[in-house]
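Observations on the three-dimensional arrangement
In case you want the letters, here they are:
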Amino acid sequence: MRISDLAAEAGVTVKAVRYYESQGLLKPRREANGYRTYEPDDVVVVREVKALLSLGLTAEQTYPFIECLRAGNERADVCPASLTAYRTRIAEVDRRITELTDLRARLTDLLSDAENWRMKQL
């Protein structure tokens, strides 16, 4: 299958497919004319990468999932390394939630302080 066919079937752009390839997530064969040729399994890989990236994982963090698929598993997230990647991402999200909660509290305090000061000036 050609790159445009893979992109269309997986619901991504050709540019995205090329990016995934540059990150080592896809390894197409090259025809004699230099064209990339993809296998039907690559559609599953591209869809999985797209889904994982939408969850905030980096391309590098998707490697365990892709390796899990290539090992013949029906799901990309059943291998120990994939589960570890999920846990790592959840920990990152938890840290970010804490940071944002602290930021919100500081902003709320500043707003309250500014409103009180303004009321005193009136």
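Above this text sits the structure in question.
Quick look at the structure, then. (Residues numbered from 1 in each chain as written. Predicted model: local features only at pLDDT ≥ 70, side-chain atom pairs only at ≥ 80, totals over all residues. Heavy atoms only, no water.)

For the rest of this paragraph, the subject is the overall build of the chain. In terms of regular secondary structure, the chain is built from 5 helices and 2 strands. Scaling as 2.2 N^0.38, a compact globule of 122 residues should have a C-alpha radius of gyration of about 14 Å, whereas the chain reaches 22 Å, well beyond that. The principal-axis extents of the C-alpha atoms in the chain amount to approximately 80 × 30 × 20 Å. The buried share of the chain, reckoned over its 122 residues, is 27%. Taking contacts inside the chain between residues at least 6 apart in sequence as the whole, the part at least 24 apart equals 44%. Carbon and sulfur atoms provide 54% of the accessible area of the chain, an area that totals close to 8600 Å². For the chain, the centre of its 19 positive side-chain charges and the centre of its 19 negative side-chain charges are spaced 4 Å apart. (Helix = DSSP H or I, 4+ residues; strand = E, 2+ residues; numbered from the N terminus. Rg over C-alpha atoms; globule rule 2.2 N^0.38 Å. Buried < 20%, exposed > 50% of the residue type's maximum accessible area, 1.4 Å probe, protein only. Contact = heavy atoms within 4.5 Å. Areas by Shrake-Rupley, 256 points an atom, 1.4 Å probe, with all protein chains shown as cover. Lys, Arg positive; Asp, Glu negative; His and termini not counted. Charge placed at Lys NZ, Arg CZ, Asp CG, Glu CD.)

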